[in-house]
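Residues per chain, in single letters:
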Amino acid sequence: MVGIAVVGAGAWGKNHIRVFSEIPNVHLKYICDSDPSRLTKLQKSYPQSKMVEKVASLLQDPEVKGIVIASSAISHFPLAKESLLSGKDVLVEKPLALNVRDADELVRIAEEKSRILMVGHLLIYHPVVDRLKEMVASEELGRIHYIYTQRVNLGVIRQDENALWSFAPHDLSVILELFNEKPVVVSAHGESYIQKNIEDVVFLSLHFSDGKMANIHLSWLDPHKVRKITIVGAKKMVVFDDMEASEKLKIYDKGVGSLSYDSYGEYLSLRFGDITIPNIKMVEPLRAEAEHFIRCIESREKPKTGGRDGLEVVKILVAAQKSLGQKGFPVDL
Ligand SMILES: NC(=O)c1ccc[n+]([C@@H]2O[C@H](COP(=O)([O-])OP(=O)(O)OC[C@H]3O[C@@H](n4cnc5c(N)ncnc54)[C@H](O)[C@@H]3O)[C@@H](O)[C@H]2O)c1
């Protein structure tokens, strides 16, 4: 049995608690939250777990091998640092930290102490993202021109982070994974309508050295709930719509044919081919993420979303935040 503790039993932490408690070879030994009312509500459903308000006892318990940090973003760095220094493997929710220095320090400590540091970039554990990776790697889509993503809805309105830091790690992690390349320039526009200096809506653009482009629309002030990623390649185009219950991926055999010439001039041929909906076996991404963390603890393999992946995302967020402060001025990475 692998002893696990979940720190942070709020709206999202509750999902980690459910998922880890369901994995057969896991003993969810502790549930920790600084707010005792959260613990009281969970006590009955998880009688096998000790409810604690402070991390000290679980950090000292040698039976606890892995700590899952699902507390507010501001506490990720201090909690992850303390856990790593106590010799624990760590799965920390996104964002890994709120600045590059802290994210870098976590990566360094984990490497020095040979501990697992994994970041909760959930979409990397989504079966549709696996399929997208295969399609990009096999060049089924042709050369990728650009990606755009939409992650908008009404609420949850946070006070300790803006829509950029709250939502963009999901899209950034997927874009970095698919492009296998880092952006060279970012720019971001956004506005704070509800709370002072906390952007509710952000439009983030990424540019890559070979001309590829990505645009990310983030908002918690929007009438629609949209979770969509569109990829436009030279041969085909795909749309991943995570709000669809089953038909989440559509592949459009559409594109622009090669340049042709005739005696009247030159023209481009547009191709309107079939739309394919592949049958993808669904698994709950959080369950896949949790099982991967356990496998990493047991086998000491490198996580698919390790500390360095979290650091790269934080670097882009920091640059984007700087651009936001300068009304979209491009920031080099
Ligand atoms: N991967 C995803 O899809 C996803 C989705 C939602 C939220 N999240 C992330 O999960 C984290 C939590 O989000 P949430 O919506 O559950 O927030 P929340 O405010 O509902 O819950 C946070 C909980 O952490 C507790 N907490 C804060 N500091 C603590 C500390 N030092 N020790 C112990 N407990 C502490 C709070 O009391 C609260 O109960 C955030 O980092 C968020 O970005 C990830």
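Residues numbered from 1 in each chain as written. Predicted model: local features only at pLDDT ≥ 70, side-chain atom pairs only at ≥ 80, totals over all residues. Heavy atoms only, no water.

### Remarks on the pairing of strand 7 (residues 144–154)
Here is step 1: Here strand 7 pairs with strand 11 (residues 221–233) via nine bridges, running antiparallel. When the sheet's bridge partners are listed, Val152 is paired in strand 11 with Val226. (Pairing = 2+ DSSP bridges. Helix = DSSP H or I, 4+ residues; strand = E, 2+ residues; numbered from the N terminus.)

### With respect to the domain arrangement of the protein
Here is step 1: For the protein, the assigned domains are domain 1 (2–121) and domain 2 (124–285 + 315–332).
Here is step 2: Computed from C-alpha coordinates alone, the two centres of domain 1 and domain 2 are separated by 30 Å.
Here is step 3: Taken together, the contact between domain 1 and domain 2 spans twelve residues of the former and 13 residues of the latter.
Here is step 4: Approximately 1,000 Å² of surface area, both sides summed, lies buried where domain 1 meets domain 2, with 61% of it carried by carbon and sulfur atoms.
Here is step 5: At the junction of domain 1 and domain 2, the tally comes to one salt bridge. (Domains from an automatic or database assignment. Contact = heavy atoms within 4.5 Å. Buried area = accessible area lost by both parts, 1.4 Å probe. Salt bridge = Lys/Arg side-chain N within 4 Å of Asp/Glu carboxyl O.)

### A word on helix 5 (residues 100–112)
Here is step 1: End to end, helix 5 covers 18 Å across 13 residues, agreeing with the expected 18 Å (1.5 Å per residue, within 8%).
Here is step 2: Residues of helix 5 that are buried include every one of Asp102, Ala103, Glu105, Leu106, Val107, Ile109 and Ala110, and no others.
Here is step 3: Close packing links the buried residues of helix 5 with helix 4 (76–85), strand 6 (117–120) and helix 9 (307–325).
Here is step 4: Its side-chain oxygen at 3.2 Å from the backbone nitrogen of Arg101, Asn99 defines the N-terminal cap of helix 5.
Here is step 5: Of the residues trailing helix 5, Ser114 is marked for its positive phi of about 50°. (Expected span 1.5 Å × (residues − 1). Buried < 20%, exposed > 50% of the residue type's maximum accessible area, 1.4 Å probe, protein only. Polar contact = N/O pair within 3.5 Å; in protein donor to acceptor, adjacent residues only side chain to side chain.)

### Focus on the packing of aromatic side chains
Here is step 1: Following the criterion strictly, the structure yields four aromatic pairs and no others.
Here is step 2: Between the aromatic rings of Phe20 and Phe293, the centroid separation amounts to 6.4 Å while the plane-to-plane angle is 90°, which identifies the pairing as edge-to-face. Taken as a pair, Phe20 in helix 1 (residues 13–22) and Phe293 in helix 8 (residues 285–299) lie far apart in primary sequence, 273 residues in all. In this pair, the class of Phe20 matches that of Phe293, namely buried. (Phe/Tyr/Trp six-rings, centres within 6.5 Å; stacked < 30°, edge-to-face > 60°.)

### Looking at the pattern of salt bridges
Here is step 1: Here the structure, examined in full by the defined rule, presents 25 salt bridges.
Here is step 2: The residue Lys212 makes a salt bridge to Asp210 at a minimum N-O spacing of 2.8 Å.
Here is step 3: Assessed through its relative accessible area of 36%, Asp210 is described here as partly exposed.
Here is step 4: What emerges from the salt-bridge pattern is a single network uniting Glu22, Arg287 and Glu291.

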